[in-house]
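# Reading the structure
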Amino acid sequence: MPCEVKPRFVLLYGSQKGQAQSIAEGIFEEADKHGFEAELSCLNENEKYNLEKERAPVVFIVSTTGDGEPPDNALKFVKNLKKKTLPSDHYQHLTYALLALGDTNYANFCNCGKTIERRLQELGAKQFYATGYADDGVGLELVVDAWLEGLWSAVKQASQKMASDASAQQKGNVMQTPAFLEVQLNRLSLSDHQPDEKNTSNNATDGKHATVVEQTAATESKPGSSESRTELSSAPSLTSSLPPLSESALNIPALPPSYLDVSLLEVDAVAETLGPANKGALHEVPISKAVKMTSGDAVKTALLFELDISDFQIDYHPGDAFNVFCPNSAVEVEKLLHRLGLWDKQNHHVCISLLKDTKKKGGKVPTHIPNNSSLLYLLTWCLEIRSVPKKVFVRALVEHTGDSMQKRRLQELCSKQGAADYNLFVRDQNLSILELLTAFPSCLPSLSLLIEHLPKLQPRPYSAASSCLRHPGKLHFVFNLVEFPACSGRPDGKRGLCTGWLFDLISPALESSGSRLLPKVHVSLRPNGSFRPPSDPAVPFVMVGPGTGVAPFIGFLQQREKQRLENPGAAFGETWLYFGCRHKDKDFLFREELEDFVSNGTLNHLKVCFSRDNEEVEWEGAQSTARPRYVQHNLLLDSKAITSVLLEKSGSIYVCGDAKNMAKDVNDTLMEMIKTELQVDQLEAMKTLAVLREEKRYLQDIWG
Ligand code: FAD
Ligand code: NAP
């Protein structure tokens, strides 16, 4: 029998944290069912695809990272695509669809996707399906689900159109430039997608929201049994819901196929050195000093660490950050081992291979788990056990849950109808798998499921808060101790993983007035080539860094101070720093050092505001009687001078710190300032800011 040749399409992803990759892998897995053969590649695997000759539809799934940058594995592709030497018909033969992932909490939302799209169009490529812009700030799935639903019919039409154009071309009667498919985005409503038959099975693996679950669980539960634990209460919580959700039929995602075969091997006791997995590439540096920078009653506790890097080749510059590698909390690892029933096997070796006959296409043994790791090592150093379980993980947990009410609640949390509850009780609370398992005691997942769904433990970056010109052989950084309050699903508060670990490392020494020997930490440099003071010292610049966002500017100013001393005759441009904290006497980080910079002329303008001091602030740096609360209020007061620095004197502006609120508000304020000072409309002001960004004169280093 002749075998049927399925139409093909090319699927390319650029992914920093794995989200774009996992969406692309999901499409790849579904392709067969929709009658296609998908060719999946990462954008950096350019030996696997050839867009110059590609005649099949191409689907891009790309995320954006940092200040609108492409993910590392898409950098080269984007760089090549931006080459000005490419002719305007370079991709005239190409038809594409694109899903861009981003986060509106950051400036340059979906910038990587937008850049790829703009260049593809400039080079003649045609879009066969409207671009989706998914926002992690509100939940990617809001756009991703709708986009995926419409994708298949669009690929089908594009593919048919291309095949018929190709055959017409062969017959020699094709139009020179065929009119292209109408761009379409099928934003179908939920009711459009109710499967014909209501299905109470939990095992469907076909289709994104393949299963509709009816509300039967509540009636199945037996009063008085452990199952009645999640009785309906007056307010919804992590473990219980209210009507209409508790009574509605649910569209839940397809069960992700398992793909790992994990076994535990008892071995003779071997001394396993604990530490991060790729230790060889890291530096294990001693902490030489730790200072608490805030008063005891400050809202947040900020600490400054000094690392002794004199014995290491760490050539850092102000503006760079470096990664701190921390382990998971020993207490949480212990609890998780108990919870999984694996406490007595913690020293067994974990053997991982690909499951034979797995339905997951492209499944791989995770590369972040070294061979012969013990179970204890795996949970301590390899997996981000604090990560918030994604909906697809919650979906998989349903299958391992005995109690029917708990099962129903997990189904709700991963369903379309329960999206708001998932955001409220899981995502926004930063709930971990351990916290989820504690709240759902009848859920007992396998170790392989955890390895399949928990991401790699990531290092935490910190901005250098020093210059080695001022502190040779030393590297400073400053951080706030992150605190998560108690919530439904977490009876007690907890600390951030890395900041909590760093705090615990040095607290014995802090308590004993620093007389104890301080421990070491594993770090690696994370250079940021563009977040640097202007290379010409005569160029003026403005720094905006409230809270710990001031860190890189301390490095900038230490460097500048030294340069001024060494070049007394040279011209130096004016420097401005906008700093903000809550209380003058509690969390004014680096106060003395900043005042010294002002008095020795390194810093020309220091503008500080206190957001929670009620009384009028009497501090010599405060130049206005109208009390500005936030950094942007001070910027507004200096509107004329700052716009002149940026637009007349070719100066630069740097913003560092919280991305969610501060950086956005500062951006809006800059826009207002430009509108007022140049007397232009919003669009012109936006264009002016875009030019500043393009010229790398408006730079952000933001997080949160
Ligand atoms: P985790 O356990 O990872 O929890 C983090 C989660 O807590 C976040 O998802 C967020 O939702 C929540 N959260 C609540 N409050 C905060 C808060 N104030 N900050 C961060 N997350 C919060 N941080 C610094 O303090 N100083 C720096 O100099 C610094 N430089 C950075 C430079 C870069 C390039 C980047 C990307 C980040 C930087 N950060 C800095 C952030 C830092 O890397 C960590 O994210 C932060 O310290 C929290 O780590 P954690 O492991 O304690 O928290
Ligand atoms: P913070 O919580 O941001 O608070 C600092 C000051 O900013 C407070 O006075 C606060 O006032 C004020 N503030 C609140 N909302 C604001 C807004 N919309 N606009 C302007 N100011 C506002 O300080 P932090 O805890 O030090 O946090 C800094 C964040 O930046 C952290 O998430 C940290 O991880 C991150 N960070 C990133 C980098 C980087 O990416 N390179 C470097 C350092 C720090 P109120 O609380 O009174 O409202």
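All of the points below concern the structure found in this document. Every value quoted in this text rests on a predicted model; they were computed, and no experiment measured them. (Residues numbered from 1 in each chain as written. Chains lettered and ligands numbered in written order. Predicted model: local features only at pLDDT ≥ 70, side-chain atom pairs only at ≥ 80, totals over all residues. Heavy atoms only, no water.)

This part takes up the overall build of the protein. A tally of regular secondary structure across the protein gives 19 helices and 22 strands. A total of 704 residues make up the protein; the buried ones form 51% of that total. Relative to all contacts within the protein whose residues are 6 or more apart in sequence, the contacts with residues 24 or more apart total 78%. Counting every atom, the protein has about 33100 Å² of accessible surface; 50% of that belongs to carbon and sulfur. (Helix = DSSP H or I, 4+ residues; strand = E, 2+ residues; numbered from the N terminus. Buried < 20%, exposed > 50% of the residue type's maximum accessible area, 1.4 Å probe, protein only. Contact = heavy atoms within 4.5 Å. Areas by Shrake-Rupley, 256 points an atom, 1.4 Å probe, with all protein chains shown as cover.)

As a further point, take the site of ligand 1. Around ligand 1, the surrounding shell holds 20 residues, and the nearest of these are R460, P461, Y462, C498 and T499. Between Y462 and ligand 1, the recorded distance is 2.7 Å, taken from a side-chain N or O atom to an oxygen atom. Considering ligand 1 on its own, with 930 Å² of exposed area, one finds that the protein chains cover 76% of that surface. Mapped onto the shell around ligand 1, the elements with two or more residues apiece are β13 (460–463), β14 (474–480), α13 (497–511) and β22 (698–703). For the shell around ligand 1, the element with the highest residue contribution is β13, accounting for 4 residues. Here the shell around ligand 1 is built from residues that sort into 9 nonpolar, 6 polar and 5 charged. (Near = heavy atom within 4 Å. Polar contact = N/O pair within 3.5 Å; in protein donor to acceptor, adjacent residues only side chain to side chain. Nonpolar A, V, L, I, M, F, W, Y, C, P; charged D, E, K, R; others polar.)

By size, the foremost hydrophobic cluster in this structure holds 49 residues, and its most contacted members are L238, L379 and I451. Here this core takes 6 residues from helix α7 (residues 375–382), the largest share from any one element. Excluding anything up to four places from it in sequence, I451 contacts L260, V262, V350, I352, P366, I369, L378 and L383. Counting 31 residues, the second-largest nonpolar core is a separate cluster that includes L11, A31, L40 and L99. (Core = buried A, V, L, I, M, F, W, Y, C linked by side-chain atoms within 4.5 Å.)

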